[in-house]
Number of protein chains: 2
Amino acid sequence: MPDPVGAVARLQQELTRLPGVGPKSAERIAHFLLSGDRKTAVALADALRDVVARVRPCRECFNLTEGELCPICSDSRRDAGSICVVETPRDIALFERAGSFRGLYHVLGGRLAPLDGVGPDQLTLAALAQRVRRGGVREVILATSPTLEGDGTALYASNLLDGTGVTITKLARGLPSGSSLELANPQMLVDAMDGRRTL
Amino acid sequence: MPDPVGAVARLQQELTRLPGVGPKSAERIAHFLLSGDRKTAVALADALRDVVARVRPCRECFNLTEGELCPICSDSRRDAGSICVVETPRDIALFERAGSFRGLYHVLGGRLAPLDGVGPDQLTLAALAQRVRRGGVREVILATSPTLEGDGTALYASNLLDGTGVTITKLARGLPSGSSLELANPQMLVDAMDGRRTL
């Protein structure tokens, strides 16, 4: 419609703010929500309000939680000596799904990006340093994203933890498993070559 | 996370009900909504509630509206003698964007699908017949989708309007403009051949 009715237009506009939702998807979703008995729209609105009201950062690692501590920090079977430092709570979900890591996490809340106004104070770097200095930590794995900003953030964190005596590691770089050499970009090949191992 | 916290898991579940949103997009959207100041989540929840509370079917054509009559039915510049029958309010948006049709619409609310329990009573077919019998209508354009069910619905509507004296037309079938012959399926080619015109 050239003049979509106010409430529908506003819903479509809000929907286009979501990642991966363009104007066409927003229109499709809005009309889907308006068709039928509209239970889905009400349930979605409730779920959004619930999440905003109840979910907050874990006191210890800044993961998302509804309690004081997140389920991972409260799990005594996890290895508290190993902390994997990630940028966002979503990264934790990815590692947990992969299932190999049994330690704890620390969510930075982003990566250093001075040009966008993200400095060390905008991240939970001070809390990480405090957590490590409290003791009991053997290793800190810096699992920031494999980008310039991610690497810069890892470097900053590594300097910050200098002198604490803990081992500081970074994720391996190389070829993505299940991919093919043809699809690798030059940097992947350089990383794969630099990190080569004897068989 | 193996056990995502309740409210976040519920939000992700509600998001996957949306068309075009799979589990991965739902996760991405949920984490996006939980990052930052959460204004987007609140605004989206508000927009959803607003739409559910305020938007209803137009008394005349069953388009979406916040008033009694939709903006199209209330527009005296539109040609009330021509009614384009569509399946959903979204189809109206598509025609309006194309911009060539200046008549009014009638939203059926779907198409006949006996196997899915959608019979004539689930659609606004009776209201359409009533509207046409009230008079002032010259032409009814059946713009249902170009599928078996859409064609069946058009046939049913056409029989229903039999004897009212109005001209009943269907949308043209043929090659999609801007496409190429290579991409046409056999039915498109049959339609294009059947509907060929002299130059």
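Sequence positions are assigned chain by chain, starting from 1 and proceeding in written order. Chain letters and ligand numbers both follow the written order, the letters beginning at A and the numbers at 1. Reporting in this predicted model follows two pLDDT cut-offs: at least 70 for local features of residues, and 80 or more for side-chain atom pairs to be given and counted; totals over whole chains, interfaces and linings ignore these cut-offs and use all residues. With hydrogens and water set aside, each side-chain value is computed from the structure's full complement of heavy atoms.

Asker: Honestly, the relation of the copies chain A and chain B in this entry has me stumped. Any pointers?
Answerer: Note: a rotation about an axis with an accompanying shift along it relates these two copies of the chain. The two copies are related by a screw operation: chain A maps onto chain B through 180° of rotation and 0.0 Å of translation along the axis, at an RMSD of 0.1 Å. On this basis, the relationship between the two copies can be described by a two-fold rotation axis. Residue alanine 45 of chain A, judged by its C-alpha, is the member of chain A lying nearest the rotation axis, at 2.1 Å. A shared interface surface links the copies, since 96% of the contact residues of chain A are contact residues in chain B too. Each copy is superposed on the other by least squares, with the fit set by C-alpha atoms of residues at a pLDDT of at least 70 in both. Contact definition: two residues touch when any of their heavy atoms are within 4.5 Å.

Asker: Can you walk me through the nonpolar core in this structure?
Answerer: General note: in soluble globular proteins, nonpolar side chains tend to be found buried as a group. Among buried residues, those of type Ala, Val, Leu, Ile, Met, Phe, Trp, Tyr and Cys that are joined through side-chain atoms within 4.5 Å constitute a nonpolar core. Each residue is assigned to one of three classes by its accessible area relative to the maximum for its type, calculated with a 1.4 Å probe on protein chains only: buried under 20%, partly exposed between the two thresholds, exposed over 50%. Membership of the largest hydrophobic core comes to 38 residues, with the highest contact counts inside it found for Leu11, Leu15 and Leu48 of chain A together with Leu11, Leu15 and Leu48 of chain B. Helix and strand assignments follow DSSP, with helices taken as H or I runs no shorter than four residues and strands as E runs no shorter than two, numbered in order from the N terminus. Where this core is concerned, the elements lending two or more residues are helix 1 (6-16), helix 2 (23-34) and helix 3 (39-54) of chain A together with helix 1 (6-16), helix 2 (23-34) and helix 3 (39-54) of chain B. If we ignore the near neighbours within four places in the chain, the residues touching leucine 15 of chain B are Leu44 of chain A together with Val21, Ala26, Ile29 and Ala30 of chain B.

Asker: It is not clear to me how the domain arrangement of chain A should be interpreted in this structure. Could you clarify?
Answerer: By a frequent convention, interface size equals the accessible area lost on bringing the separate parts together. For chain A, the domain assignment lists domain 1 (12-54) and domain 2 (78-170). Computed from C-alpha atoms alone, the centre-to-centre distance between domain 1 of chain A and domain 2 of chain A is 33 Å. Domain boundaries shown here were taken from an automatic or database domain assignment.

Asker: Sorry, what's going on with the sheet that holds strand 6 (residues 167-170) of chain A here?
Answerer: Each strand in a sheet pairs with its neighbour through backbone hydrogen bonds, running either in the same direction (parallel) or in the opposite one (antiparallel). Residues and elements named next belong to chain A. In short, DSSP must find at least two bridges between two strands for them to pair. The strand order 4-3-5-6 describes an open sheet built from four strands, whose pairing is parallel. Of all strands in the sheet, those with a lone pairing partner are strand 4 (103-107) and strand 6, marking the two edges. Taken pair by pair, the neighbouring strands of this sheet meet at an average axis angle of 25°, ignoring direction. As paired elements, strand 5 (residues 139-142) and strand 6 share four bridges and run parallel to each other. Bridge assignment links valine 140 to a residue of strand 6, and that residue is isoleucine 168. Angular values range over 0 to 180 degrees, each being the angle between N-to-C directions of two axes fitted as lines to C-alpha atoms, with helices fitted over their stretch in contact. Against the sheet, helix 4 (residues 89-98) contacts strand 3 (79-86) and strand 4, and its axis sits at roughly 155° relative to strand 4.

Asker: What's the story with the pattern of salt bridges in this structure? I'm lost.
Answerer: Two side chains with opposite charge may pair up if their charged atoms get near one another. When a carboxyl oxygen of Asp or Glu is within 4 Å of a side-chain nitrogen of Lys or Arg, the pair counts as a salt bridge. Applying the stated criterion to the full structure yields 36 salt bridges over all chains. Note that glutamate 87 of chain A and arginine 111 of chain A form a salt bridge whose closest N and O atoms lie 3.4 Å from each other. Of the two residues, glutamate 87 of chain A is situated in the loop between strand 3 and helix 4 and arginine 111 of chain A in the loop between strand 4 and helix 5 (125-133); the sequence distance between them amounts to 24 residues. Residue classification places arginine 111 of chain A among the partly exposed residues on the basis of a relative accessible area of 30%. Taking the shortest distance from any N to any O, the salt bridge between aspartate 75 of chain B and arginine 77 of chain B comes out at 3.1 Å. Arginine 77 of chain B gets classed as exposed once you look at its relative accessible area, which sits at 69%. Through salt bridges with shared partners, a single ionic network connects Arg10 of chain A together with Asp50, Arg54 and Glu66 of chain B.

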